[in-house]
Structure formats: C-alpha cells, structure tokens
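Listed below are the residues making up each chain.
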Amino acid sequence: MTDSKYFTTTKKGEIFELKAELNSDKKEKKKEAVKKVIASMTVGKDVSALFPDVVNCMQTDNLELKKLVYLYLMNYAKSQPDMAIMAVNTFVKDCEDLNPLIRALAVRTMGCIRVDKITEYLCEPLRKCLKDEDPYVRKTAAVCVAKLHDINAQLVEDQGFLDTLKDLISDSNPMVVANAVAALSEIAESHPNSNLLDLNPQTINKLLTALNECTEWGQIFILDCLANYSPRDDRESQSICERVTPRLSHANSAVVLSAVKVLMKFMEMLPKDLDYYGTLLKKLAPPLVTLLSAEPELQYVALRNINLIVQRRPEILKHEMKVFFVKYNDPIYVKLEKLDIMIRLASQANIAQVLAELKEYATEVDVDFVRKAVRAIGRCAIKVEQSAERCVSTLLDLIQTKVNYVVQEAIVVIKDIFRKYPNKYESVIATLCEHLESLDEPEARAAMIWIVGEYAERIDNADELLESFLEGFHDESTQVQLQLLTAIVKLFLKKPTETQELVQQVLSLATQDSDNPDLRDRGYIYWRLLSTDPVAAKEVVLAEKPLISEETDLIEPTLLEELICHIGTLASVYHKPPSAFVEGSRGVQHKRLTSSAGSGESVESPDTGSAAVSEAPPTVIPSQGDLLGDLLNLDLTPPTSTGPPPTTAPGMQLGAMDLLGGGLDSLIGDESEPPPIPLRTDTPQSPQPPHQSPSPPHYSPTEVAPGNHTGSLGGDIGGSPAMGTGFGAPPAAMPASFNAPISGGLDDLFDLGGGGGLTMGTYIPPKSVWLPAMKAKGLEISGTFVRRSGVIQMEMTLNNKAMSVMSDFAIQFNRNSFGLAPAGPLQILTPISPNQSIEAALPLSTVGPVMKMEPLNNLQVAVKNNIDVFYFSCQYPISMLFLEDGKMERQVFLATWKDIPNENESQFQIKDCHLNSDAASNKLQGSNIFTIAKRTVEGQDMLYQSMKLTNGIWVLAELRVQAGNPNYTISLKCRAPEVSQCVFQNYETVLKN
C-alpha cells in the first residue's frame, strides 16, 4: 500500500495516539507515526504540540526517518524557536556523520530554519561543510551561505563565508562551482553595489570549463553570471562566444535561452565584417526555431523572446519566415504573437509569401485573429513600400467579401495607407463609400469620415455622406464626433458656398448641445478661426500632414537593450523591466548592452526601417510601488509627458497655433515658431451663426466659454466664439488684449490672479465617541485624526467609567485600504483610575498591510488592557492621507487630466456653501488640496486642484464657484475612481466647517 493511506484518516483524539506511537521503542512504529504527523501537517492540521516528541526521533541512523523529522522541524521551528534549539546538538552531530548524505541534509535543514537563535550555532558546522571532502556536501553548503545571508547578512560577512564562497568558484567539481556562482549572484542581488562576483578572465575561464560538465540548472546559473561580464576586447568576446555556442543545442529550453542571452550581449563587441560574426548569426537561428516545436506555453515564451531578438537583430531570422506561419491548431495567444513577428520580418524579398498567408488568415473563424490579420496587411503596406499596391488590392478583395468586421478593419488600415502614401491610392475611395451603411464600430466610422473629409474635393456627394452621419450625432462616440466636426470644417473650407448650413449645424451641435469638453473646445476653436480669418483656418485645418512612421510599436531602444539582458526571464515575457513588476525591487539592476568602442552601430538594422524611437520620457506621476494593492486591482500606469515644458515664442499670435491636433498638445510639445497670422475683422464667405443672439459678451483670449469639465483645458486657449452677433459680424472694436501676443504660453491661461492670501488653518474634525463604555466594560474611547507637519496622529481620550483601575494598554489595527498602522506603541504610562480620563496621541504610518475596506476609509481597531480586548471601527477623513508635495506642475496637470480616461471622472454637488473662491482655495490648502490654477468665466470661478495620497494616487479636481450661488460643482478625476466618493465627502466637510 502507498503512503496515501496516511492522508485518509480523520480520527479524533489523534494527537494523543500519535504521541504514544512517537515514543514507542519499535523503530517501524516510530517511522509510521512520523509519517502520519507529516501527512497531518501537509493537509493543514496543527501538530506543533508534538514538537518535543518528533525532535526525540532525530536520534536515528535511518535516513528516511531523519529526512521526515527535518521536514517537520523546518515547518514548525519558526513558531517554536525555543524548542527548536533542542535539535541543535543533533544537527551539529549530523554535520560530522560519516555518511555525506546526512552531513548535507543537516546543513541544508539548518539553513532552512529561519530562527535567529539557531543561526549562531550553524556557523561552525557550515564552515566545516564548505571545506568538506565530498563535493555533494560542499555544493549544499554553498547554497546554505546564501540562505544564511538572507537571515543575517552581517554574520555571514563577519564569519568570512563570502571569501570561502569565492574560493569555491575554483573548485574541481563543476556542480560546486555552479552552486557557488548561484549563491554569490543571489547575495549580489541584495547588494547591487558590492563587487562580490569579481569577474576577471581567469574566473571566466574557470566558469566556462565548469559549464560543459554541470547539470542543466548549474549551466543556467553560470550562463546568467557570464551575461554580467564585460569582455576587454573583441577577441575575448569571440572566445567566450565560441565556448558558449555548444549550449545552443541543449535539450533544456532555459539553457538555450540563457546561451542566446550571452551571445546576443557579446555580439555587440564583435565587428560586423568579421567572418565569425556571420557564422554566429547562422548558428543562432536553428535553436530558436527548434523552440517553436515545443508545447504552446513554451512556444509563447519563446515567441516573446524572439520578438525582442528580431527587433534588435532581424537578420538572425530573416530567412526563417515560414516557421512563424500560423497553424490551424495554435492557441490564439501563439497566433497573435507569430503574426507580430511575421510583420517585423516582412521585407521586399518575402512580402509576396507573407501577403498570401495574411489573406488566408483573414478568412479564419476567430474574429480577433482575423482583425489582427487585416491590420497586419496594412502594416506591411506601410513598412514595405514596394508592396503597398499589392496590399491595397488584397484589402479591396477582403472588402468584397462583405464580412462586416473584415470590411471595418480594412477601412481603418486603408486610412493609414492614405496617410503614408498621399495622392496614390485614392481611386479606391469609391469602393469604400459603397460600404458606408455597414459601418457600426466607432474606429471604422471615424476612419471613413476622415477619408471623406480629407478627399472631399474628389467625392461629388461628400456633403450628403457627412450629413448622413450628422443625423445621429449625439449617439456617436466621442471619437466619431470629433472626426465628423473636423471633416465638415474641411469640407466647408474646400466648398464654402455649398456647405454653409452644414458647418453651422455641426458647430451648433458641438458647442451648444454637447457636454463633452474636448468636442466643445474644438468646436469653439474652429468657430473662432472661421470667424476671424478663413485663410488662417485653411492653413491650419488643411495643413500638409506628416507621413506616418513605419513601425510605431517598436520597443524604445534603451528598454530593448535592458530586456535583451533579461532574455529567458519573466521580464522578456512581459516586455517590461524587472523594476516594473518585482515588488520592492530591492536588487533590481538596470542592465545595458555593451557595444565595442567606436563601432557606431545604430540600433536599427537596414531591414527594420528607419523609425526612430525617442528616449523614454519622464513619468508625469511618480510611481510609488503597490498603491491599493491587488485587492483594489487598479490600473495605475503613470502617464508619460510628451515633451519638454513649452517655450512658446513671444511673438506668436492666436491664429498661428495648430489647435486641431488635440488641444494643447501642440503647445506643450512643439517648440517651433510659426509665422504670426494677423486676425482679421472682415471675413468674406463666413457663415451666419447657428443661433442669432443679442450681443453676447466679449472675452479676451485667456477667457473661455463655460464648460462642464476641465477637459476643456485642452482647447480653451482659443477663447470663446461669442465675439460678436455672428460669424460674419465680429465686433468693430476688439478687446485691447485680443491682438496681444501670447507671451507666457500656459501662464496666461493659468492666471491665478487674485488667488493669493494666507492659508487658513487645517480643519480638524471634533472628537466623537468610537467605543462606548457600555460595550467595553467601562472603557470609553473618543477621538479624531489630525495631520501635523506631515505626521498622521490618532488623538484619543480614554475615560475609565468602571470601578477598577485600567492599565497595560496596547492597540492594533486590522488591514485597511491605505495601510494605516501604529508607528509605535500606545503611550499610556500611568494606570487610569476610576472616573479618570487621559489624553493619548498615537502616531500612524502608512506602511502596514493593505486590504480594501467598505467604506474605503474604514478602520477596524483592537484595544487591549488588563481587563479584556475590545474592538471598534471608525472612519478617518481621507485628507489625513494628502501629502504636502501634492501640488502638480501645470503642464503635468494638463497632461494627466487628458491621460486619465473620461469614465474615471465623477461629478458631485456641494450644497449650502457660502465661501468665495479665494476663501475656499485657502481653506482647502490647509488640508493639502492645492490650487494649480484659477480662471473666471461669465462670473463663474473655476479652481483646478490636485492632491496626492500617501500611496501615490493622484486626484485631480475642478471646483466651480458661482458668485451668489451657494451650490458648488466639483468634478474629480483619478486613476482609482474608488477614492472619489471619499474625496468629495472631505471637500464637503472642510468647506462647510
């Protein structure tokens, strides 16, 4: 009968029986009892009560029994440290046993027992085992040093174990060398700046000698270590490559990928005209191809790594296109990855083959795969110019299939082809227009509208086509609405006499009937452009567009270099550096490829096109590790800024800005100085306004029309269109500031004006009763939370309403949403007599364990004293978590607001508040809610504010205050929308108290 019988028993009173069996004189019975104990431990039963009895069983020559006892010890030593010391003498004795297996077992177990009291006893046996005559004992002891270092680093250094470990690299046994390298690498990771692995040519030679003889995992350790070495010259680099190359034929895929990593790194040092360089390229292809014959999961890992290799050196696999052709039974994740690599390898030589395959894929049944295949055809057209005509023809064939999703994807990619090759393939527009009715996806509708607007002069009924889209304008997605607005303005500028009514209709819908800030602002920009200078409007709206780049999804070069250095690890599968997903990332080092001096080699190779990828831009919001933890499951990827801060030319006039490309993006990212365009007061061929209205007020360029969201920051620089009684009738006398140049870029827009003044004091909520005396045997606790000089404090009054003295107070928090935990013990130094109360202030930290609570700011507390343990819950104001450095830069605020999705925006009403905007701003600043900017529109003050929580979450706000109106409107945007409700409640509390 097998050992499974030990897992089937569910008897009660079992512990007592086991105790008797463990103390039996019969060896077999004792062994059976230990097996039952291990089985119970494995299924989660608590058998720690048997610790002394199990430890007594250590005194045996039976290796199987000894292993079982050691297994038990490893599991329970931490919870029973005092009793674990009982086993130390046996460990020391076993380390000198004649049997090398027992010696190794003893030292391995001692390394696994993470108890400080035992580690000091481990030093002497470990020192002996490191110099043991048996290599099995030495290799086990080498790993034990790394384990001991993790428990007590100082002890390892003081005892000289690191030097002994370095000596083991010269050991005669390859497995000992591999384990020594593994241990040193592990220790070096936690001390990135230490030079533990002092790699020099002599050491490298020893490692390469050991590489041929050790096990597969030993080979991986050695290869990973070699990858960290920087050769002195190309000769040494070639010599290492020659000795590593045989590992490419290893059966273990991990060894193969580690060898590829070393070769990819050292190839950087080799001159490209060297014969060996070409030979090495040829040798790298077969092992990578072989990896694709494994099971799907391994194929996927191999494909993700190949994707990186192909971006760095496409020449390695340029003749292997066929192995990336999709098989009918490949899982979807493998198919999509193969498709990506096919496009990266596409060139003039193989494009016919690739297109034939892609056309075949476009008739598959898997919708996602078909969509990706159609997109791939478009990417091939953009990448290989000679194939563009064939690609367009293939796309037209696919459109003729009339399969809805195929047609829609084809139209999206044809739009990109028009952008890459203007005035070349416009003959297909007629075919596209036939399928207008079948388009129901926003991206496809937007692409078709762009095509109609861009080539309106070639389409006779362009106005009718666009008018058909206009009928359901409010039901369209934002993407389609924005594209439709731009397309109709383009059409008007090309055919002004025929489309006056149409442009008036769309401007009215966009500016007066829409509450989308981006749409509204773009409408206002066009309105102003058309009403002041149609010639300038033409230059802006119909400007020549830059050609789109060939490869838009290439990984940024410095990141690619780092990922190449991590081939064969998770980083190469995620395509992210380890620091992005390793929690704490204490030992994560940023690695770079080393190229030979003066080689001047570009990151691009001739086959990848010349798409230059810029350096990684700085992050807008600094990441602070895990924010609300996995339980909140938040997408907190920081947005990236698109360029340096703006340096707007002092002489720039309003009309000269390209305001079509998405609001302020051009102002923030473009530093070129366009020629100033004067604003005109006479505008021939201008349409009449959508609704005639009595003379509206005039605004200077820094003012804007009222809006619902701060998204309007994207376009408000153009000012309000209400400049006169209509489009064609701007006022005779313009405001003095209207023709003034914008000298300060965003400074004028974000004019804090009279927003100065002294900050009011921080609002502190009054104390409330958290724990009533009747629920806590006479102990009453009331309290509040305060933040002083960046420190959160829990201020409590403890009132003894019982008849006995209370002492020995302690406090503990349950896990909570923001990791609040006591930063020290509860300081109540004297006992509390009956009817006496005492004040206590408990400083809090935010580094405790995290768990999402309901509500989010709920805190569960346990208080212990000499009488009992009492539990209560309270809610802390979220402003306690607002940091003092929560004031965003203005450009960063704009970029971040745009980057946070609109669905993350929440709106609230604050009623019965009678402060003016300056007083509100000052009051909020006392709670670390910082006003970034203020502007006034039609008597309504808009405050743009930011705050930063202790876990790194940023919250952005737009607070609207209307003079004489006691109701405020607040819009909140945050990557973690769960916090918005708490932030709103905090606003309401602070402003009303």
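Sequence positions are assigned chain by chain, starting from 1 and proceeding in written order. Local features in this predicted model are restricted to residues of pLDDT 70 or higher, and side-chain atom pairs are both shown and tallied only at a pLDDT of 80 or more, whereas totals for entire chains, interfaces and linings draw on every residue. Water and hydrogen atoms play no part in the side-chain values, which are based on all heavy atoms of the structure.

As recorded by an unreviewed UniProt entry, the chain carries the name AP complex subunit beta and is attributed to Pagothenia borchgrevinki. UniProt positions are given in the numbering used here, feature names are shortened, and annotations may be inferred rather than shown by experiment. Under the heading Subcellular location (unreviewed entry), UniProt records this for the chain: "Endomembrane system". A UniProt comment under Sequence similarities (unreviewed entry) is attached to the chain, and it reads "Belongs to the adaptor complexes large subunit family."

The next subject is the sheet that holds strand β5 (residues 821-822). As summarised here, the arrangement of the five strands in space is β1-β2-β3-β6-β5, forming an open sheet in which the pairing is antiparallel. Every interior strand has two partners, whereas the edge strands, β1 (768-771) and β5, have only one. Here, any two strands with at least 2 DSSP bridges between them count as paired. Strands are runs of DSSP state E lasting at least two residues, helices are runs of H or I lasting at least four, and both sets are numbered from the N terminus onward. Inspection of the sheet shows β1 paired to strand β2 (residues 779-788) by three bridges, in the antiparallel sense. In the sheet register, leucine 771 faces β2, and the bridge partner there is isoleucine 781.

Moving on, we get to the nonpolar core. Take the buried Ala, Val, Leu, Ile, Met, Phe, Trp, Tyr and Cys residues and link them wherever side-chain atoms come within 4.5 Å; each set so joined is a nonpolar core. For the exposure calls, accessible area comes from a 1.4 Å probe over protein chains only, and a residue counts as buried if that area is under 20% of its type's maximum, exposed if over 50%, partly exposed in between. Counting residues in hydrophobic clusters, the biggest one holds 209 residues, and the most contacted among them are Tyr72, Leu126, Val244 and Phe418. Of all hydrophobic cores here, the second largest spans 63 residues; its members include Ile832, Val961, Leu972 and Val990.

With respect to the helices and strands, glutamate 133 occurs in the loop between α8 (116-130) and α9 (135-151). Taking the C-alpha atoms as reference points, glutamate 133 and proline 100, 33 residues apart in sequence, are found 9.2 Å from one another. Any two residues having at least one pair of non-hydrogen atoms within 4.5 Å are treated as being in contact. Setting aside its immediate chain neighbours within four residues, glutamate 133 contacts Arg103 and Arg138.

Let's shift gears to the packing of helix α21 (residues 367-383) against helix α22 (residues 388-400). A pair of packed helices can be characterised by two numbers: the angle between their axes and the separation between those axes. Orientation is described by axes fitted as lines to C-alpha atoms, over the contacting stretch for helices, and by angles from 0 to 180 degrees between their N-to-C directions. Viewed as axis vectors pointing N to C, α21 and α22 meet at an angle of 160 degrees, and their least axial separation amounts to 8 Å. Taken as axis vectors, α21 and α22 run roughly antiparallel relative to one another. The interaxial crossing formed by α21 with α22 has left-handed handedness. Seen from α21, the contacting residues are Val374, Ile377, Cys380 and Ala381; seen from α22, they are Ala388, Cys391, Thr394, Leu395 and Leu398. Orientation categories follow fixed angle ranges, with anything under 35 degrees roughly parallel, anything over 145 roughly antiparallel, 65 to 115 roughly perpendicular, and all other angles oblique. Less than a right angle of anticlockwise turn of the near helix away from the far helix marks a crossing as left-handed, whereas a clockwise turn marks it as right-handed.

What follows concerns a negative patch on the surface. Only residues whose relative accessible area exceeds 30% and that take part in no salt bridge are eligible for patches, with like-charged residues grouped when within 9 Å of each other and nonpolar side chains (Val, Leu, Ile, Met, Phe, Trp, Tyr) grouped when within 5 Å. Values of accessible area rely on a 1.4 Å probe in the Shrake-Rupley scheme; residue burial ignores everything except the protein chains shown. Within this document, salt bridges are pairs made up of a side-chain nitrogen of Lys or Arg and a carboxyl oxygen of Asp or Glu, the two lying within 4 Å of each other. Counted as positive: Lys and Arg. Counted as negative: Asp and Glu. His and the chain ends are not counted at all. A charged residue contributes its charge at one atom only: NZ of Lys, CZ of Arg, CG of Asp or CD of Glu. Taken together, the side chains of Glu464, Glu467, Glu471 and Glu501 present a region of like negative charge at the surface. Note that glutamate 501 resides in helix α28 (residues 500-511).

Let us look at helix α23 (residues 404-420). Structurally, the α-helix is built with 3.6 residues per turn, so residues lying three or four positions apart point the same way. In this model, α23 (17 residues) spans 25 Å end to end at C-alpha, consistent with the 24 Å of a helix rising 1.5 Å per residue. Most of α23 is tucked away, with twelve of its 17 residues classed as buried. Along α23, the residues classified as buried are Val406, Val407, Gln408, Glu409, Ala410, Ile411, Val412, Val413, Ile414, Ile417, Phe418 and Lys420. Contacts from the buried residues of α23 go to α21, α22, α24 (429-433) and α25 (442-454). Helix span is expected to be 1.5 Å times the residue number reduced by one.

For every residue, the predictor states its confidence as a pLDDT score lying anywhere from 0 to 100. Taken residue by residue, the chain gives an average pLDDT of 77. The fraction at 70 or more is 80%. Segment residues 597-760 is flagged for pLDDT under 50; beyond a separation of four residues in sequence, or across chains, it makes 333 contacts in the model.

For the rest of this paragraph, the subject is unusual backbone geometry. Put simply, glutamate 854 and proline 855 share a cis peptide bond, and its omega is -5 degrees. Mapped onto the elements of the fold, proline 855 is located in the loop between β6 (837-845) and β7 (858-864). Its identity as a non-glycine residue notwithstanding, lysine 402 has a phi of 60 degrees, on the positive side. Even without being glycine, asparagine 835 reaches a positive phi, approximately 65 degrees. Tracing the chain through its elements places asparagine 835 in the loop between β5 and β6. Looking at asparagine 835, the relative accessible area reads 67%, which means it is exposed.

Quick look at the sheet that holds strand β8 (residues 869-875) now. Here we have three strands laid out as an open sheet, ordered β4-β7-β8, and antiparallel in their pairing. Because the sheet does not close on itself, it has two edges, and the strands there are β4 (810-813) and β8. Averaged over all pairs of adjacent strands, the angle between strand axes in this sheet comes to 25 degrees, irrespective of strand direction. Bridge analysis of β7 against β8 gives seven bridges, and the strand direction is antiparallel. Bridge assignment links alanine 862 to a residue of β8, and that residue is tyrosine 871.

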